[in-house]
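Examining the three-dimensional arrangement
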Amino acid sequence: SQELEQSPQSLIVQEGKNLTINCTSSKTLYGLYWYKQKYGEGLIFLMMLQKGGEEKSHEKITAKLDEKKQQSSLHITASQPSHAGIYLCGADLTGGGNKLTFGTGTQLKVEL
Amino acid sequence: ETGVTQTPRHLVMGMTNKKSLKCEQHLGHNAMYWYKQSAKKPLELMFVYNFKEQTENNSVPSRFSPECPNSSHLFLHLHTLQPEDSALYLCATRGAGEKLFFGSGTQLSVL
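Parameters at a glance
- Counting restarts for each chain, with residues numbered from 1 along the sequence as it is written.
- Lettering of chains starts at A and numbering of ligands starts at 1, both following the order in which they are written.
- Restriction of local features to residues with pLDDT of at least 70 applies here, the model being predicted, together with a cutoff of 80 or more for giving and counting side-chain atom pairs; totals for whole chains, interfaces and linings are based on all residues.
- Excluded from the side-chain calculation are hydrogens and water; included are all heavy atoms of the structure.
- Each helix is a run of H or I in the DSSP string that is no shorter than four residues. Each strand is a run of E no shorter than two, and both are numbered from the N terminus.
- Residues count as neighbours in contact if any of their non-hydrogen atoms are within 4.5 Å of one another.
- The protein chains shown are the only cover counted for residues, whose accessible areas, like all others here, come from Shrake-Rupley with a 1.4 Å probe.
- The positive count covers Lys and Arg only, the negative count covers Asp and Glu only, and His and the chain ends enter neither.
- Charge positions are represented by NZ for Lys, CZ for Arg, CG for Asp and CD for Glu.
- Think of it in three bands: residues with accessible area under 20% of the maximum for their type are buried, residues over 50% are exposed, and the middle band is partly exposed, with areas taken using a 1.4 Å probe on protein chains only.
- A simple way to read buried area is as the amount of 1.4 Å-probe accessible surface that goes missing from two parts once joined, with both sides added.
- Note on definitions: salt bridges are taken to be side-chain nitrogens of Lys or Arg within 4 Å of carboxyl oxygens of Asp or Glu.
- Polar contact criterion, stated in full: a pair of N or O atoms within 3.5 Å, where within protein one must be able to donate a hydrogen and the other to accept it, and residues adjacent in sequence count only if both atoms are side-chain atoms.
- Polarity classes work like this: nonpolar for Ala, Val, Leu, Ile, Met, Phe, Trp, Tyr, Cys and Pro, charged for Asp, Glu, Lys and Arg, and polar for all others, with Gly in that last group.
- A strand pair is defined by DSSP finding two or more bridges across the two strands.
- Every axis corresponds to a line fitted to the C-alpha atoms, with the helix fit spanning only the stretch in contact, and the corresponding angles, defined between N-to-C directions, vary from 0 to 180 degrees.
- Here, two cysteine sulfur atoms that lie within 2.5 Å of each other are counted as a disulfide.

**Quick look at the overall build of chain B**
Of the regular secondary structure elements, chain B holds 0 helices and 11 strands. Sequence-ordered secondary structure for chain B, helices as α and strands as β, is β-β-β-β-β-β-β-β-β-β-β. Along the first, second and third principal axes, the C-alpha set of chain B runs to 40 × 25 × 25 Å. Counting contacts in chain B only where the partners sit at least 6 residues apart, residues at least 24 apart contribute 52% of the total. Of the roughly 5,300 Å² of accessible surface on chain B, a fraction of 49% belongs to carbon and sulfur atoms. In chain B, 11 side chains carry a positive charge and 9 a negative one; their mean positions are 5 Å apart.

**Comments concerning unusual backbone geometry**
Note the cis peptide between Ser7 of chain A and Pro8 of chain A, where omega equals -5 degrees. Structurally, the position occupied by Pro8 of chain A is in the loop between strand E1 (4-7) and strand E2 (10-14). Cis geometry is adopted by the peptide bond preceding Pro8 of chain B, which originates at Thr7 of chain B and carries an omega value of -10 degrees. Mapping Pro8 of chain B onto the fold places it in the loop between strand E1 (4-7) and strand E2 (10-13). With phi around 55 degrees, Glu59 of chain A is a residue other than glycine that occupies positive phi space. Summarising the element assignment, Glu59 of chain A is placed in the loop between strand E6 (55-58) and strand E7 (61-66). Under the relative-accessibility criterion, Glu59 of chain A is labelled exposed at 72%. Although it is not a glycine, Ala78 of chain A adopts a positive phi angle of roughly 50 degrees. Mapped onto the elements, Ala78 of chain A comes out in the loop between strand E8 (71-76) and strand E9 (85-91).

**As for the interface of chain A and chain B**
At the junction of the two partners, chain A supplies 18 residues and chain B supplies 25 residues. Between chain A and chain B, roughly 1,600 Å² of surface is buried when both sides are summed, and carbon and sulfur atoms account for 54% of that area. Across the pair Glu56 of chain B and Lys99 of chain A runs a salt bridge whose closest N-O atoms are separated by 2.7 Å. Counting across the chain A and chain B interface gives 5 residue pairs in polar contact (both at pLDDT 80 or more). At the level of secondary structure, the elements contributing two or more residues to the side of chain A that touches chain B comprise strand E4 (32-37) and strand E5 (43-49) of chain A. Of the residues contributing to the side of chain A that touches chain B, the split by class is 8 nonpolar, 8 polar and 2 charged.

**A few points about the sheet that holds E6 of chain A**
Residues and elements named next belong to chain A. Reading across from one edge, E1-E3-E8-E7-E6 is the order of the 5 strands in this open sheet, with antiparallel pairing throughout. In this open sheet, the two edge strands, each paired with only one partner strand, are E1 and E6. On average, each strand axis in the sheet is tilted by 15 degrees relative to the strand beside it, whichever way the strands run. Relative to strand E3 (residues 19-25), E1 is paired through 4 bridges, and the arrangement is antiparallel. For Glu5, the partnering residue across the bridge sits in E3 and is Thr24.

**So, the side chain of Arg94 of chain B**
Position of Arg94 of chain B relative to the elements: it lies in strand E9 (residues 87-94). Buried and without a salt bridge, Arg94 of chain B has Asp92 of chain A as its closest oppositely charged side chain, separated by 6.0 Å. Excluding residues within four positions of it along the chain, Arg94 of chain B makes contact with Tyr33, Gly97 and Asn98 of chain A together with His29, Asn30, Ala31, Tyr33, Lys99 and Leu100 of chain B.

**Structural notes on the state of the cysteines**
Residues and elements named next belong to chain A. Tallying each qualifying case throughout the model produces 2 disulfides over all chains. A sulfur-sulfur distance of 2.0 Å marks the disulfide that ties Cys23 to Cys89. Judged by the sign of its S-S torsion, about 75 degrees, the bond between Cys23 and Cys89 is right-handed. Of the two residues, Cys23 sits in strand E3 while Cys89 sits in strand E9, which places them 66 residues apart along the sequence.

If you want it as structure tokens, here you go:
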């Protein structure tokens, strides 16, 4: 099994709908990062969460960290076609801060 | 534009070829990484360099050979690869206490 599990693996939503992507770790989280990727391209940083209960927002995207559950969620409000892509969570699972372990990603499609 | 540039963007090579992937950064970061991304798999960390010294080799086969000649450049030398090595190879850099900055990747196909 993976150290970081993302759900769902893929998601199709209608434009304007809200959605949530989850990232669950089998180990203690020392830092949690959310990235977005377009197919075949590099990862673009979205948000970083480091403290339990922390919540950050940027435009219509909100990320939360539940340290006790070793889980993070990414919520998109009123989705737009520009939100389509692959969302990946990455985490520092060692506390050393030098490398990130990634989940398998969630592919999001937004239909008009 | 993340400040991390990878070349080439696409590469097709035969199993007997030798090729190199290049990563260049202008961020002044001291840590540089090679990740491999295969379909339906998580990103796999391959190598980590800190201050030009290799600090991690994640059990990568010897047909992949990294090189970090200076703090701005990172190479991945490839020789006698297998078809299952076909993947997107991503370079990333990191400053102290910061997030990873990724390049756009090299899409590699081994025939």
